[in-house]
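# Structural description and commentary
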Amino acid sequence: MKSSRVLVALLVTGALGLFTGCGDDGGGTGGTGSPCTSSAECNAGLSCIDSTCQSGGDAGGDTGLPDTGTADTAPSCPSADRCGSDCCEATEECVANACMPICESSLRCGPASTCCAAGDLCISDACTTPGDTCADPIDCGADEYCDSSIGRCLPRLAGRCEYFPPGGAITPAQQWHWSGSTTEPSYVHVMMTPVVGDLDGDAIPEVLFNTYQAATSYGGRGVLRAVRGDDGTDVFSVSTPEICGDSGIALGDLDGDGSPEIVTTGPCSGTGRVHVFDSTGTHLWSATNPDGTPHYFNLDFGAPSIADLEGDGQAEVIVGGTVYESNGTLRFANRNTAFGCCSPTAPRSQVTVAYNVDDDPELEIVGSNVVWNSDGSVLWDNPGAPEGFIAVADFFADGQPDLVVVHEGSLSIFDASDGTPLWGPIVQPGGGRGGPPTIADFDGDDLPEIGVAGAASYSVYDPDGSTPILWSQTTQDMSSNITGSSVFDFDGDGSAEVVYNDECYMRVYAGADGTVLAEVPQHSHTLIEYPLIVDVDGDGNTEIVFAGNAVVARCAAIPGYTGNLAGIRVFEDAADNWVGTRRVWNQHAYSISHIREDLSVPMSVERNSDRWNSFRQNPQSFDAPDLVGAEATSDGTACPIELRLSARIQNDGAAAVGPGLSVSFYLGTPAAPGRLLGTVMTTGLLVPGAAETVTLAFEPTVAEQTGAPLDFFFVADDIGDGTGEHNECIEDNNSAVGTFTCPGIS
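Rules and cut-offs
- Residues numbered from 1 in each chain as written.
- Predicted model: local features only at pLDDT ≥ 70, side-chain atom pairs only at ≥ 80, totals over all residues.
- Heavy atoms only, no water.
- Core = buried A, V, L, I, M, F, W, Y, C linked by side-chain atoms within 4.5 Å.
- Buried < 20%, exposed > 50% of the residue type's maximum accessible area, 1.4 Å probe, protein only.
- Contact = heavy atoms within 4.5 Å.
- Helix = DSSP H or I, 4+ residues; strand = E, 2+ residues; numbered from the N terminus.
- Lys, Arg positive; Asp, Glu negative; His and termini not counted.
- Salt bridge = Lys/Arg side-chain N within 4 Å of Asp/Glu carboxyl O.
- Domains from an automatic or database assignment.
- Buried area = accessible area lost by both parts, 1.4 Å probe.
- Polar contact = N/O pair within 3.5 Å; in protein donor to acceptor, adjacent residues only side chain to side chain.
- Pairing = 2+ DSSP bridges.
- Phe/Tyr/Trp six-rings, centres within 6.5 Å; stacked < 30°, edge-to-face > 60°.
- Lys NZ or Arg CZ within 6 Å of the ring centre and 35° of its normal.
- Disulfide = S-S within 2.5 Å.
- Axes fitted to C-alpha atoms, helices over the stretch in contact; angles between N-to-C directions.

### Side note on the nonpolar core
Formed by 51 residues in total, the largest nonpolar core has its most connected members in Val207, Leu208, Ile262 and Ile568. Those residues in contact with Ile568, other than ones at most four positions away along the chain, are Trp176, His177, Trp178, Val190, Pro194, Val207, Phe209, Val545, Phe546 and Ala547.

Here you go:
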């Protein structure tokens, strides 16, 4: 930096002239605006400031004393270069009154004003290089989150807006119930696993499911339906081409055009085909052979899967051992596999899995006793091993994926890379075939267990435990005994809870010991369906979604039974204490790493067992909203007939809040509150960083028509009695105070 050029002019000669009375005023000859290097060069009453003579400062010329140069304590350099008591060089800039080398990125960070590299961000007073590009948390590491505003992975640091529930009671309360439609109104029964995803990009997911009517039962003609995830209202219904009433559905962007497709099958017979629809329900294609002729396939109550096998941006549709290109053309048709009913020659429940079992760059198609490469060639094949329902995880902490197969009343584990038997068979308690397995850490020991439903029990298998069965609870499924389940750590305590619906009840079990935490009457004749754990309405909270049917009265012997209901039901936590999760559950063979929330299909898939080590489980999120009372304003121009009070609410948190947030207005201040003036609701989705202004219009009382300013305040997330519905990371910043003036009629 340059040294300060502070010139203190003693002007001894000028001072002597003053003492001798020679008439000299002791000032210089420079008028206002004249160039100068010190105040001595300026006329009396002027000072040298910024190299020009200006009024102000210590001119000192007419005092008869030497100029003290007070104005010259500022450096004599152009104002753009001046920095405190210094002048900066051309290669420097002034930062907090200190000259520092110019920061080319223009971003300084932290107490030391460190210059960050181009492209860096300042996070928690440290220059941080953003991670990989991302569209979803699955694109980022375990210690990162995906920042949607820049589309990059950023470190998850202390201080992020999070809410940790207190734990305790699980209190499911019905949020909505879809029980029918004006379109095909007799098709109301559901006996398949719904799927959830955002079809139209409005951040509120849709729920999709196939329905059937009592007259033709679940194995007959069906209607594909989509309803809104926030309230269950109809979006569209599709019945052409013919849909199988019990067929599964898969969601995903097959062709990489940014819009998701819907995959299902029908009819239920051997002349069935895979059908694909766009996000509005318009039919796009039905499966064909390479020569363009129809390709028929009997899926019945199995379910298709979607995956980008080669990572080329074009996803494939997988049904058993059959794979279709993104345009519906058959790639190959290998043998049937991964079914739990009803025979090798007539399998009715195929659900295969796409997974990287051999560490090459591509995904394989995993069946019960065979694994194919993406081109249809065999990786390994053991046709003598049992057929059954499957899932994949790392059970023995060796970094290698293992294949669990539930087969005709038993469970076995094989090495997924070559089919070597590793564990079992273990007989299913209570008997029955056994349904699709669910994998999670049920007991909080950091190793996965396996949940399976049978005819008379729900049981958790523990491959690393002292006994093979961790716990077993009595259930009722004497019809199919092949139902599935899902798991989720609702209270974030590290131990997953189980959600399972048998013929009569949807129950939530404690993962560690099977204690029944909640029970909701809900009838099902049962196939391979299971409840979903998903943020179905995009509000940042977790909900349970499950199907119901009421054709066969399986629970008639239960006194006062109230669960004989058809359709789709959604349950939330009455206390709003369930942690958050994703807004997607796209297929029966669901694993976290295989789909993004926007329904794009990853081209490079992190092996689910390497990070989450689960199957049919959604991840938890502690991200929370922070609803800030930003501004309170009033409009009394229509008084006394109408007074309008407005509140601006901003979400400064890390999780969205759906429409319908309550905002209550009160007379007075938070310290001295008066009467409740009214409550209004927000209408939009408050994503992090978003704000909305709501207005309450009301007729003030005579006492409020004084013409003098009166205080009022509002509270966001207040239903009108001081209580709210959303848990936030900060709960004491929801209000703002304003004033209104309302003159009475004169």
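### Considerations on the side chain of Asp147
One can find Asp147 in strand S11 (residues 144-147). Comment: no salt bridge for buried Asp147; closest opposite-charge side chain is Arg160, at 6.1 Å. For Asp147, the residues in contact, after removing those within four places along its chain, are Cys134, Arg152 and Leu154.

### Overview of the domain arrangement of the protein
For the protein, the domain assignment lists domain 1 (172-621) and domain 2 (627-742). Distance from the C-alpha centre of domain 1 to the C-alpha centre of domain 2: 44 Å. Facing 9 residues of domain 1, the contacting portion of domain 2 comprises 7 residues. Both sides together, the interface formed by domain 1 and domain 2 hides about 550 Å², and carbon and sulfur atoms give 46% of it. Between domain 1 and domain 2 we count 0 salt bridges in total. Joining domain 1 to domain 2, the criterion identifies 2 residue pairs in polar contact (both at pLDDT 80 or more).

### Section: the side chain of Asp441
With respect to the secondary-structure elements, Asp441 resides in the loop between strand S34 (438-440) and strand S35 (449-453). Lacking a salt bridge, the buried Asp441 has Arg611 as its closest oppositely charged neighbour, with an N-O distance of 15 Å. Only 2.8 Å separates the side chain of Asp441 from the backbone nitrogen of Asp446, close enough to count as a polar contact. If we ignore the near neighbours within four places in the chain, the residues touching Asp441 are Asp446, Leu447, Pro448, Glu449, Gly494, Ser495 and Ala496.

### Quick look at the pairing of strand S51 (residues 735-740)
Alternating residues of S51 divide into Ala736, Gly738 and Phe740, all buried, and Ser735, Val737 and Thr739, none buried. Looking at chain direction, strand S50 (residues 710-716) and S51 are connected through 6 bridges and run antiparallel. By the bridge assignment, Leu710 is partnered in S51 with Phe740.

### Digging into the packing of aromatic side chains
Counted under the stated rule, the structure contains 16 aromatic pairs. For the pair Phe488 and Phe490, a centre-to-centre distance of 5.2 Å together with 75 degrees between the ring planes defines the contact as edge-to-face. On the accessibility criterion, Phe488 (0% relative accessible area) is buried. Ring centres 5.2 Å apart and planes at 20 degrees place the aromatic pair Tyr666 and Phe713 in the stacked group. You can see Tyr666 sitting in strand S47 (residues 662-668) and its partner Phe713 sitting in strand S50, a full 47 residues away along the chain. On the accessibility criterion, Tyr666 (10% relative accessible area) is buried. Clustering of aromatic rings is evident, with ring pairs tying together Tyr458, Trp471, Tyr500 and Tyr509. A cation over a ring is seen here: Arg160 above Tyr145, with NZ or CZ 3.8 Å from the ring centre.

### Brief notes about the state of the cysteines
With the rule as written, the count across this model stands at 11 disulfides. Here Cys88 is linked by a disulfide to Cys99, with a sulfur-sulfur distance of 2.0 Å. On the sign convention where negative means left-handed, the S-S torsion of about -90 degrees between Cys88 and Cys99 marks this disulfide as left-handed. A residue pair is termed long-range when its members are at least 10 positions apart, and Cys88 in the loop between strand S4 (86-87) and strand S5 (92-95) and Cys99 in strand S6 (residues 98-101) qualify at 11 residues. As far as burial versus exposure is concerned, Cys88 and Cys99 are alike and both buried. Each disulfide pairs two cysteine sulfurs, and for Cys134 the partner residue is Cys146, the sulfurs being separated by 2.2 Å. Looking along the S-S bond of the Cys134-Cys146 disulfide, the torsion reads about 95 degrees, which is the right-handed sense. Taken together, the positions of Cys134 in the loop between strand S10 (126-128) and S11 and Cys146 in strand S11 put the pair 12 residues apart, joining distant regions of the chain.

### Brief notes about the environment of Asp573
Along the chain, Asp573 falls in strand S44 (residues 567-573). Filtering out sequence-adjacent residues up to four positions away, Asp573 remains in contact with Ile170, Thr171, Pro172 and Trp578. Engagement of the side chain of Asp573 in a polar contact is seen with the side chain of Thr171, the distance being 2.5 Å. Looking at Asp573, its side chain comes within polar contact range of the main-chain nitrogen of Asn577, at 2.7 Å.

### Overview of unusual backbone geometry
Look at the link from Gly266 to Pro267: it is a cis peptide, with omega at -5 degrees. As for its placement among the helices and strands, Pro267 is situated in the loop between strand S19 (261-266) and strand S20 (273-277). Each neighbour pair has its own omega, and for Cys639 with Pro640 the value is 5 degrees, a cis peptide bond. With respect to the secondary-structure elements, Pro640 resides in the loop between strand S45 (627-635) and strand S46 (643-651). Phi at Asn481 takes a positive value of approximately 45 degrees, unusual for a residue other than glycine. When you line up the elements, Asn481 lands in the loop between strand S37 (469-474) and strand S38 (486-488). The buried category is assigned to Asn481, whose relative accessible area is 10%.

### Remarks on the sheet that holds strand S13 (residues 172-178)
Reading across the sheet, the 4 strands line up as S13-S44-S43-S42 and stay open at both edges, with antiparallel pairing between neighbours. Edge strands, defined here as strands with exactly one partner in the open sheet, are S13 and strand S42 (532-534). Direction aside, the axes of adjacent strands within the sheet are offset by 25 degrees on average. Relative to S44, strand S43 (residues 543-548) is paired through 5 bridges, and the arrangement is antiparallel. Opposite Val545, over in S44, you have Val570 as the bridge partner.

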